[in-house]
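# Architecture at a glance
In case you want the letters, here they are:
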Amino acid sequence: MAEYRHQREVDARPAGAGRVLGLCASALAGLFAGFAALNVLVTKDLWHPPLPRFEEITSELEAVKDQVEVLFLGPSHMMTDIDPRVFDARMAALGRPLFSYNYSVESLMVSERDYLLERLREIRPKGLRYVLVKPDVWIHTTLVNTFSTRTRYFNRPATVRRYLELRLGSTKPFFTYNLPTSLVIAWGGLMHLSNVGVISDLILPPKSALTEPAGERHPERRGYLPLDDEKPKDSGDDSPYPVQPPSGPVRQLSAGELAELARLFREIRELGAEPVVLIPPVGNDNLADTAETLAAMATTFPEVAVLSFHPSGQSPELYEKLGYWADRNHLSPAGATRFSTLLADRFATLLNSRGGAP
Amino acid sequence: MIFSEIKFFLFFALVFGFYWTLRTNSSRKLYLIVAGMVFYGAWDWRFLSLILYQTGIDFVAARRIEATNDSRIRGRWLKLSLVSNLGLLAVFKYLNFFAASFESLARSAGFSVSHATLHIVLPVGISFYTFQSLSYTIDVYRRRMPAVKSVLDFGMFVTFFPQLVAGPIVRAYDFLPQLDAKREARKIDFRWALTLFLVGFFKKACVSDNISPYVDAFYNAPAAFDTATAWLAASLYTVQIYCDFSGYTDMAIATAALLGYRLCPNFNAPYLALDITDFWRRWHMSLSSWLRDYLYISLGGNRGGKIFTYRNLMLTMVLGGLWHGASWNFVLWGFMHGLALIVHKLWTKRGVDLGARPALRPVSWLMTLGWVAAAWVPFRATSFGDTKTTLALLSGAAAEGAKSLLGPGALILWAVVGALFVGHVVTHATKLWSERWRLVSPGVYAFGYGLAWAVALALKSTDYAPFIYFQF
């Protein structure tokens, strides 16, 4: 005997297609009724972000909100590559003392960046003057990683379609996409609706919180997370420089992506700060901007400064020393120290060219 | 590709949809062999050659065994099958383990020996399909069944994807006759199969995967945690391994059923066992019966007196432990179970059978569950040192570490697990899963089934974890 009555044959009448379709429709109705009920019962406000870093850096930032003048905002290679203490020390040495904070999160998606901006609006750092941001509107494949609650938590119903359309690089209405694209959008919408893992995420602590207990954080680092503190990043390729060329054709920024950038810059300005596009050094060209992208951005947004450390830019030094790299996309602590200094030099030059004080 | 992820759902939808449109039995079998290859190749296509090699050797060996009455020739072909199957297992699973153990032994005896460790990748499911294929040639040798004439049938027996990588270890005499006639969709108990798949999904994705981070966090560094966390991790792992493996089995049986085939049951509420012998009749039944039929009996079983019986019992359990993995921890796990089985036999012979007395049944149940849970410690720990540390923490014999995983999340998890255990007992006693829900109309069932999936998806962990038994 097993835990349940074991398998046995039945002798049913062959079911017609109509009956099978009817039963499938009934099952789908049950499924969607379940989704709908969960959406009513478990509101997004009850969820917690599965990454504790969101909360950590936000609470730390809140504690120093009256001091912060420059904010770094971007994905993991911003988080691991910029040490605000080194940056500030260099700026002070250059006669422009300021206080900066690294408000970056690994694999930051557009939706998550919006969430961080929303939290920034709540915190309202009074002295914030500059936000050095890596926009990444054009690269984030994770945007359609629809099985991740991390994606869906930040995807409000009103914006989920916008994110999906952005990811797909167009602004066409749903039904004018080709079939595969439409299916991706439909799939994203379905996953958004389905709340996969929502209860599990609601009642259990974030998985990473179990392996990284509180009390081991370093608030004095101001958001900077050197790679020697973490397991190596899974970048899919551990060998550093030389830079890999883009694997696909260079894409021009779409109208949707340019609109997204405009929205980002506007929201930063609404915080009372000036946006500066920062492209940190990366060994994988697919993660950097291309010359074409920067050109398109410069044409559309001439008022936004760009500090690019892309190999095609002006920082060969960072790419010539293997010891500066932890993997293809992230700098080692030594590399981060050097980059933070170089960044301060470029930023000070930018400020000097404008004649303003931070 | 694991049963609880979307990739498998899409794969199975394609396999299922096309399978029932095929007209002939042969084309269906061929199609399922190809599906099995794709399923296995999704992990590592290179190891498909191992399966093909084993299939070829055992097919030919069994045919040759059957073709003659000369016991020497029969024996030679059996030996070829044994050496071929166990040889692959020895190379891919145990070579480094034995080399490292020999080196360590030689060093402790004062000799300087060093070996170069080969980086051998363990092919997923090798222990399962090796045992399954091996049992076929042994059964033919023992004249328990005739050799199969169609290579297509034998190929499907080995590569049938629902049980290919983690069992149940199907017996050829049970499965091969099912291939004789074309399966008929109208004879399939779809409601039973669909419900079983959902139950399996729930066990794996909603229970096991949500428990996994706690257990992993503890066993990554047991010495760093306090005693309460050690108890939490040990008890949660007891639940996790059951839900993980029986969840997989449920989904495998259900998947096979949806294609019209029957696989043997593998679990029968093992944690409700009243003694350790009873536990082994309920836990991983296809392996325990395999070990009994092909190892314990081959060693002499209980035919040589008490001492030999106990020796055979211990050898079977220790080798059964080693079957799970090349590590002394698994040997210890097998030893603990072998010891418990011997003690239970001794007790029973002296008339001490706690499970037989109603008033003492709770004591007997607790003792059995406690021993089984303690034996899971070496099974899960990553080293002998971690096993020692964890057992010492559990018994209060070691200094506690400062870390703790106890918090609201752990308490909620425990409450949920406790409620599920009660539910498990109730459904087992009332046969709720098997019979009660059959009373509702098909339309209501379909609606409820969809609703239940919505809840299961919300409860599932967002992290996919591979099935624990895949590593064996």
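Here, the structure is the one placed above.
Predicted model only: the values in this text are computed from it and were never measured.

## Some words on the pairing of strand β1 (residues 70-73) of chain A
Residue and element names in this part refer to chain A.
- What you see with β1 is no split at all: Val 70 and Phe 72 on one side and Leu 71 and Leu 73 on the other are buried throughout.
- Strand direction decides the pairing type here: β1 and strand β2 (residues 100-102), joined by three bridges, are parallel. Bridge pairing in β2 links Phe 72 to Asn 102.
- Two elements, β1 and strand β3 (residues 130-133), share four bridges in a ladder whose sense is parallel. Bridging from a neighbouring strand, Leu 71 pairs with Val 131 of β3.

## A short note on the environment of Asn 69 of chain B
All names here are of chain B.
- Relative to the helices and strands, Asn 69 resides in the loop between α3 (48-67) and α4 (71-108).
- According to the relative accessible area criterion, Asn 69 is exposed, its value standing at 64%.
- Not counting residues up to four positions away in its chain, the partners in contact with Asn 69 are Arg 74 and Arg 143.

## Examining the sheet that holds strand β4 (residues 274-279) of chain A
Residues and elements named next belong to chain A.
- Spatial strand order, β2-β1-β3-β4-β5: five strands in an open sheet with parallel pairing. Taken across any chain shown, the strands that pair with only one partner, and hence form the sheet edges, are β2 and β5 (305-308). Within the sheet, the average angular offset between the axes of one strand and its neighbour, ignoring direction, is 20°.
- Set on the sheet, helix α4 (residues 84-93) makes contact with β1 and β2; between it and β2 the angle comes to about 155°.
- Sheet strands touched by helix α11 (residues 255-270): β3 and β4. Its angle to β4, the strand with the most contacts, is close to 130°.

## Structural notes on the packing of aromatic side chains
Residues and elements named next belong to chain B.
- Enumeration according to the criterion identifies 63 aromatic pairs over all chains in this entry.
- A centroid spacing of 5.3 Å and a plane angle of 90° characterise the contact between Phe 39 and Trp 43, whose relative ring orientation is edge-to-face. Here Trp 43 and Phe 39 lie together in helix α2 (residues 25-44), a separation of four residues that amounts to about one turn.
- Taking the relative accessible area as the measure of exposure, Trp 43 reaches 29% and is therefore partly exposed.
- For the pair Phe 218 and Tyr 219, a centre-to-centre distance of 5.0 Å together with 85° between the ring planes defines the contact as edge-to-face.
- Accessibility expressed as a relative area gives 0% for Phe 218, which makes it buried.
- Classification of Tyr 219 as buried rests on a relative accessible area of 2%.
- Across the ring face of Tyr 19, the terminal group of Arg 28 is positioned such that the distance to the ring centre comes to 5.2 Å.
- Directly above the aromatic system of Tyr 445 lies the positively charged group of Arg 191, at a separation of 4.9 Å from the ring centroid.

What counts as what
- The residue count restarts for each chain, going from 1 along the sequence in the order it is written.
- Written order decides the labels, with chains lettered from A and ligands numbered from 1.
- Local features in this predicted model are restricted to residues of pLDDT 70 or higher, and side-chain atom pairs are both shown and tallied only at a pLDDT of 80 or more, whereas totals for entire chains, interfaces and linings draw on every residue.
- For the side-chain quantities, the full set of heavy atoms in the structure was used; hydrogens and water were omitted.
- Exposed residues in this analysis have more than 50% of their type's maximum accessible area, buried residues have under 20%, and partly exposed residues fall in between, with area computed by a 1.4 Å probe over protein chains only.
- Strands are runs of DSSP state E lasting at least two residues, helices are runs of H or I lasting at least four, and both sets are numbered from the N terminus onward.
- We call two strands paired when DSSP finds no fewer than two bridges between them.
- Two residues form a contact once any of their heavy atoms are found within 4.5 Å.
- In this description, a line fitted to the C-alpha atoms serves as the axis of each element, helices being fitted only across the stretch in contact, and the angle between N-to-C directions of two axes falls anywhere from 0 to 180 degrees.
- Working definition: a ring pair exists when centres of Phe, Tyr or Trp rings (six-membered ring for Trp) sit within 6.5 Å. Plane angles under 30 degrees give stacked, over 60 give edge-to-face, the rest tilted.
- Remark: a charge is flagged as sitting over a ring if the NZ atom of Lys or the CZ atom of Arg is within 6 Å of the ring centre and within 35 degrees of the ring normal.

Function-wise, these values are silent; they only describe arrangement.
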